[in-house]
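# Notes for the structure review
Residues per chain, in single letters:
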Amino acid sequence: MNSMTTQHPTDDAIHRAANELIDRHGVQIAIEQATHRADAFAQAGRWPEHAMAMRVLTVVEQIGGETR
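Residue positions are given per chain, counting from 1 as you read along its sequence in written order. Only residues with pLDDT of 70 or above have their local features reported here, since the model is predicted, and side-chain atom pairs are shown and tallied only from 80 upward, although totals for entire chains, interfaces and linings are computed over all residues. Excluding hydrogens and water, the side-chain figures rest on all heavy atoms present in the structure.

### Regarding the pattern of salt bridges
For clarity, the cut-off: We define a salt bridge as a contact between a side-chain nitrogen of Lys or Arg and a carboxyl oxygen of Asp or Glu at a distance within 4 Å. By definition, any uninterrupted DSSP run of H or I lasting at least four residues is a helix, any uninterrupted run of E lasting at least two residues is a strand, and each is numbered from the N terminus. The classification of residues rests on relative accessible area computed with a 1.4 Å probe and restricted to protein chains. Under 20% of the type maximum is buried, over 50% is exposed, and intermediate values are partly exposed.
One pass over the structure, following the stated rule, counts three salt bridges. R55 serves as the salt-bridge partner of D11, at 2.8 Å between the closest nitrogen and oxygen. Placement of the pair is D11 in helix α2 (residues 11-25) and R55 in helix α4 (residues 47-67), with a sequence separation of 44 residues. Exposure remark for D11: the relative accessible area of 51% places this residue in the exposed category. R55 gets classed as partly exposed once you look at its relative accessible area, which sits at 30%. For R24, the salt bridge is made with E20, and the minimal N-O distance between the two is 2.9 Å. Placement of the pair is R24 and E20 together in helix α2, with a separation of four residues, close to one helical turn. Of the residues examined, R24 reaches a relative accessible area of 62% and is grouped as exposed.

### Quick look at helix α3 (residues 27-43)
Inclusion rule: Multiplying one less than the number of residues by 1.5 Å gives the expected span of a helix. For this quantity, the arc is that covered by the directions from the helix axis to the C-beta atoms.
Its 17 residues place the ends of α3 24 Å apart at the C-alpha level, agreeing with the 24 Å of an ideal helix rising 1.5 Å per residue. Taken together, the buried positions of α3 are A30, I31, A34, A38 and F41. Looking straight down α3, one finds its buried side chains confined to an arc of 100°; they lie on one side. In α3, the exposed residues that point more than 90 degrees away from the buried face are H36 and Q43. Following α3 by one or two positions, G45 adopts a phi angle in the positive range, close to 70°.

### Some remarks on the packing of α2 against α3
For any two helices packed against each other, one specifies the inter-axial angle together with the distance between the axes. Note the following rule: Every axis corresponds to a line fitted to the C-alpha atoms, with the helix fit spanning only the stretch in contact, and the corresponding angles, defined between N-to-C directions, vary from 0 to 180 degrees. The scheme is simple: roughly parallel for angles under 35 degrees, roughly antiparallel for over 145, roughly perpendicular for 65 to 115, oblique for anything else. It is the rotation of the near helix from the far one that decides the hand of a crossing: anticlockwise by less than a right angle makes it left-handed, clockwise makes it right-handed. Contact definition: two residues touch when any of their heavy atoms are within 4.5 Å. Charged residues are taken to be Asp, Glu, Lys and Arg, nonpolar residues to be Ala, Val, Leu, Ile, Met, Phe, Trp, Tyr, Cys and Pro, and polar residues to be all remaining types, Gly included.
Relative to each other, α2 and α3 sit at 125°, their axes nearing to 7 Å. Between α2 and α3, the angle is such that the two are oblique. Remark: the crossing between α2 and α3 carries right-handed chirality. Residue-level inspection shows L21, I22 and H25 of α2 in contact with α3, the latter providing V27, I29, A30, Q33 and A34. Looking at the contact of α2 with α3 residue by residue, the classes come out as six nonpolar, two polar and no charged.

Printed below as a string of structure tokens:
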């Protein structure tokens, strides 16, 4: 896979990832997992991955807010 693809995923790819997390685990666990992943990337100094994880977390939270 092209590194540009993994570091700069499309909005559609981010939405698919967020929806997959929610479908597998429900909104609350998806938020917890996405938060944990973003925190782990930040602690490791993996900033491109952190930015991507934050995008997924944002969409999960948005979807979660719509379903409440």
